[in-house]
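# Summary of the model geometry
Given next are the chains, with one letter for each unit.
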Amino acid sequence: ATTAATATTAAATTTPLQDVLLGAAASSISVCVMIPFDTIKVRMTTNNGRGIAYRGITDAVRRMIKEEGFVAFYRGLPPRLASVVPMTAIQFAIYEQAKIHLPTIQRSFDQWRLRRQEEGNNKLPFLPENNNKSPWDHWDWGTRHTPPWLSFLYAGDAAAAEKKGAPS
């Protein structure tokens with residue numbers, strides 16, 4: 001059963017170039033399907049750019065087709081494709097390759113960790129004190145709310161709490 005699953009996985013994997021192309025195709029289709037709805041939304045919120053308010057979605061659609069034609073729904077398509085497609089294609093390729101390579105990296109890390117434990121060196125260099133704890137576990141949650149290594153995220157909240165006299 002394991003060899004069949006491995007063969008299926010190996011056959012189903014794609015190259016990074018294929019992942020980029022698939023991501024580009026998916027985002028292109030998505031943009032082409034969604035841009036008419038976005039155009040209607042923008043026209044309704046900006047009063048048609050000419051100060052003429054639409055009475056609703058159906059009124060906007062009817063008037064856009066009657067006054068400007070069906071092409072009006074896709075007028076902003078080229079810049080949208082130019083901005084969305086490359087980003088999504090790269091993101092999709094990175095995600096797909098990460099799904100393939102992260103389990104291998106995890107196995108290598110686990111093997112390294114087991115070797116260190118067998119050698120009697122149980123402590124990991126990047127965690128204080130104990131390798132069975134995450135950085136979150138090393139924080140005394142009873143006395144403070146935000147670990148110091150996360151406090152930069154809450155700088156505004158910490159300043160406000162200090163003014164009120166509460167622990168940050």
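Residues numbered from 1 in each chain as written. Predicted model: local features only at pLDDT ≥ 70, side-chain atom pairs only at ≥ 80, totals over all residues. Heavy atoms only, no water.

## Details of the pattern of salt bridges
All told, the structure shown has 8 salt bridges when counted by the stated rule. The residue Arg43 makes a salt bridge to Glu68 at a minimum N-O spacing of 2.7 Å. With Arg43 in helix α2 (residues 16-45) and Glu68 in helix α3 (residues 57-68), this residue pair connects regions lying 25 residues apart in the sequence. Judged by relative accessible area, which is 14%, Arg43 ranks as buried. Residue classification places Glu68 among the partly exposed residues on the basis of a relative accessible area of 24%. Bridged by salt links that share partners, the residues Arg55, Asp59, Arg63 and Glu67 form one connected network. (Salt bridge = Lys/Arg side-chain N within 4 Å of Asp/Glu carboxyl O. Helix = DSSP H or I, 4+ residues; strand = E, 2+ residues; numbered from the N terminus. Buried < 20%, exposed > 50% of the residue type's maximum accessible area, 1.4 Å probe, protein only.)

## A closer look at the packing of α2 against helix α4 (residues 77-118)
In contact at an axis separation of 7 Å, α2 and α4 are set at 140° when each is read in the N-to-C sense. The orientation of α2 with respect to α4, classified from their angle, is oblique. Taken as a pair, α2 and α4 cross one another with a handedness that is right-handed. Where α2 abuts α4, its residues Pro16, Asp19, Val20, Leu22, Gly23, Ala24, Ser27, Ser28, Val31, Cys32, Ile35 and Asp38 lie against Leu77, Arg80, Leu81, Val84, Val85, Thr88, Ala89, Phe92, Ala93, Glu96 and Gln97. (Axes fitted to C-alpha atoms, helices over the stretch in contact; angles between N-to-C directions. Parallel < 35°, antiparallel > 145°, perpendicular 65-115°, else oblique. Left-handed = near helix turned anticlockwise from the far one by under 90°. Contact = heavy atoms within 4.5 Å.)

## Looking at the packing of aromatic side chains
As enumerated under the stated definition, the model contains 3 aromatic pairs in all. With centroids separated by 6.0 Å and ring planes inclined at 50°, the aromatic side chains of Phe70 and Tyr74 adopt a geometry described as tilted. Judged by its relative accessible area of 59%, Phe70 is exposed. Ring centres of Phe109 and Trp112 lie 5.8 Å apart, and the angle between their planes is 35°; this geometry places the pair in the tilted category. Residue Phe109 and its partner Trp112 are located together in helix α4, separated by 3 residues, close to a single helical turn. The exposure class of Phe109 is partly exposed, given its relative accessible area of 26%. (Phe/Tyr/Trp six-rings, centres within 6.5 Å; stacked < 30°, edge-to-face > 60°.)

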